[in-house]
Amino acid sequence: MKGSPKRQVSSRDPSQDLLPGPAPSAAEEGPPVCLEPVRRLYGRTSVPGDKSISHRALILGALSAGVMKIRNLSPGEDVRSTWQCLEHLGVDIEGSVGEARLTGRARSSMKEPEDVLDVGNSGTTIRLLSGLLSAQPLFSTLTGDGSLRQRPMDRVVKPLRLMGAEIWGRDGGRYAPLAIRGGGLSPICYDSPVASAQVKTALLLAGLFLQGETCFSEPYLSRDHTERMLRYMGAEIGLERNRVILRGGRRIDARDIDVPGDPSSAAFLVVGALITPGSELEIRRVCVNPTRIGYLKVLDRMGASVEMNDLREVCGEPVADLRVRSSRLKGTTLLPEEVPGCIDEIPVLCVAAAFAEGRTRIAGAAELRVKESDRIAAMAWNLNEMGIDVVERPDGLEIEGRGKIKAFRGRSWQDHRIALSLIVAALAAEGPSRVFGAECMNISFPGFLDRMTPLVER
Ligand code: S3P
């Protein structure tokens, strides 16, 4: 197989997604990271602050009444994009990701940004800020990098227009850049065709200061950090299964937030330890919100040994220490209803599937095609390079596990979760491997290789 999993922007026949496109240029990819297999992983570690919670802490902090401290923000580039966009909107944020001090603007309007707001690679930033800016009486424009500009924005544009926002974008508002003239909104009840925490949060942010109820329903429950944080900050919010109801028009209080470790980043260490025989890792202070740890359930079915110890609650989120021991894995079937709970971990679950005995089937995961890259095509291409038999389907993959993989040359397609999954696979490959385009791991997990070094035994 040759070529790239890049998407087409035009309206398209979904079967086209299976066709390979042009490969990224050498300039785009840079020099590869060369990785030798390790004997085992052993020791105690932690992961950076959760990316989803970090975005929300900054944005809800900006809308709160008062001053709050946020500790352990994600050091990744995506959260830096949110931080910088908020500063361009006049929000006062001091300090560093270790400890930031933020002064909320409560109900007073943000400053009209003088220039285009650049969200970089961050889909969460553009979708959440679209909601916030729709409620602000000002004009703003949002754009991002090449990958971001190919991702669907109509999922937020449509409901925000229903609330009364004026939004323009390429192809009728399907793609960024987006231009927003906000203000004058009315609350709505919206049934979303996709389970998406980004769409849900955009609507809740738009409805926060409106009189009346903003409701959002989705086919399956997506991550619920916004609901938890809004409640923690004093908002009136009700939950009924996959439906959330916000009673708007009230202020939210500034409250200090300690961001727990990112379970999606922990997933790379968890799978790394599972597939390298003799490994044992403790990963401390990981967020174990049930809407985020679907991958642990899937791995449990595959035979993984992962313990969750010292379960506690920190700022409205459940947190625990994970203990992982290498395990013999077997293939499994991932059902469509499980996909939202492990959407960001499916690339690394594909690596676990390659090291398992037997077939793993993933279905109902077409959303993976509109992430930072087309993750179905990207993983199919890379698994093939590892000597694994894989069938690519429009909404998933079938992977024939062999219990091992051969040394490979992998490509990230500039997608951080693909890069990190390939690095983890390389640690347990049969010989030295190369990963091209690995520096994009800085989007969510800067310093990943340094963090691994003390855990590696050769
Ligand atoms: C996120 C929600 C998910 C996830 C993304 C982060 C969030 O996207 O894939 O990495 O922080 O709200 P969707 O809401 O599009 O499923």
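In every chain, residue numbers begin from 1 and rise along the written sequence. Local features in this predicted model are restricted to residues of pLDDT 70 or higher, and side-chain atom pairs are both shown and tallied only at a pLDDT of 80 or more, whereas totals for entire chains, interfaces and linings draw on every residue. Each side-chain value is worked out from all heavy atoms of the structure, with water and hydrogens disregarded.

Student: Help me understand the site of the ligand, please; the structure alone is not making it clear to me.
Tutor: A cutoff of 4 Å decides nearness: a residue is near a molecule or strand if any of its heavy atoms lies inside that distance of it. By nearness alone, every residue bordering the ligand is listed as Ser 52, Arg 56, Thr 124, Ala 195, Ser 196, Ala 197, Gln 198, Arg 223, Ile 343, Asp 344 and Lys 371. Between the ligand and Arg 56, the relevant distance is 2.6 Å, taken from an oxygen atom to a side-chain nitrogen or oxygen of the residue. Summarising the interface, the protein chains cover 95% of the accessible area of the ligand, which totals 380 Å² for the free molecule. The way it works is that DSSP assigns letters per residue, a run of H or I at least four long becomes a helix, a run of E at least two long becomes a strand, and they are numbered from the N terminus. Listed by contribution, the elements that provide at least two residues to the shell around the ligand are α2 (51-63) and α7 (197-207). Classes in brief: Ala, Val, Leu, Ile, Met, Phe, Trp, Tyr, Cys and Pro nonpolar; Asp, Glu, Lys and Arg charged; the others, Gly included, polar. For the shell around the ligand, the residue count by class is three nonpolar, four polar and four charged. In this entry, domain limits derive from an automatic or database-based domain assignment. Three or more residues apiece are contributed to the shell around the ligand by two domains, here domain 1 (26-46 + 260-457) and domain 2 (51-258). Polar contact criterion, stated in full: a pair of N or O atoms within 3.5 Å, where within protein one must be able to donate a hydrogen and the other to accept it, and residues adjacent in sequence count only if both atoms are side-chain atoms. For accessible areas, the Shrake-Rupley method is used with a probe of radius 1.4 Å. Any residue's cover is judged against the shown protein chains and nothing else.

Student: Please explain the nonpolar core as it appears in this structure.
Tutor: One recurring pattern in soluble globular proteins is that nonpolar side chains are buried together. Judged by nonpolar contacts, the single largest core of 77 residues is most densely connected at Val 270, Ile 283, Tyr 295, Leu 299, Ile 399, Ile 405 and Phe 448. Residues are treated as being in contact if the distance between any of their heavy atoms lies within 4.5 Å. Not counting residues within four places of it along the chain, the set of residues in contact with Phe 448 comprises Phe 268, Leu 269, Leu 420, Ile 423, Val 424 and Met 441. Listed in part, the 65 residues of the second largest apolar core include Leu 128, Leu 178, Leu 204 and Met 233. In these notes, a set of buried Ala, Val, Leu, Ile, Met, Phe, Trp, Tyr and Cys residues joined through side-chain atoms within 4.5 Å is what counts as a nonpolar core. Residue burial is assigned from relative accessible area. The probe radius is 1.4 Å, only protein chains are included, and a residue is buried under 20% of its type maximum, exposed over 50%, and partly exposed in between.

Student: I'm lost on the sheet that holds strand β19 (residues 357-362) in this one. Help?
Tutor: What links the strands of a sheet is backbone hydrogen bonding, and the strands pair in either a parallel or an antiparallel sense. The pairing criterion for strands is at least two bridges between them, as found by DSSP. One open sheet holds the four strands; their spatial order is β18-β19-β21-β20, and the pairing between them is mixed. One side of each edge strand has no neighbouring strand; the edge strands of this open sheet are β18 (333-334) and β20 (389-393). An axis is simply a line fitted to the C-alpha atoms; with a helix, the fit covers only the stretch in contact. Between two such axes, the angle follows the N-to-C directions and lies from 0 to 180 degrees. Sitting on the sheet, helix α11 (residues 346-355) is in contact with β18, β19 and β21 (396-402), with an inclination near 35° to β21. The strands touched by helix α12 (residues 375-385) are β20 and β21; relative to β20, the strand with the most contacts, the crossing angle is about 165°.

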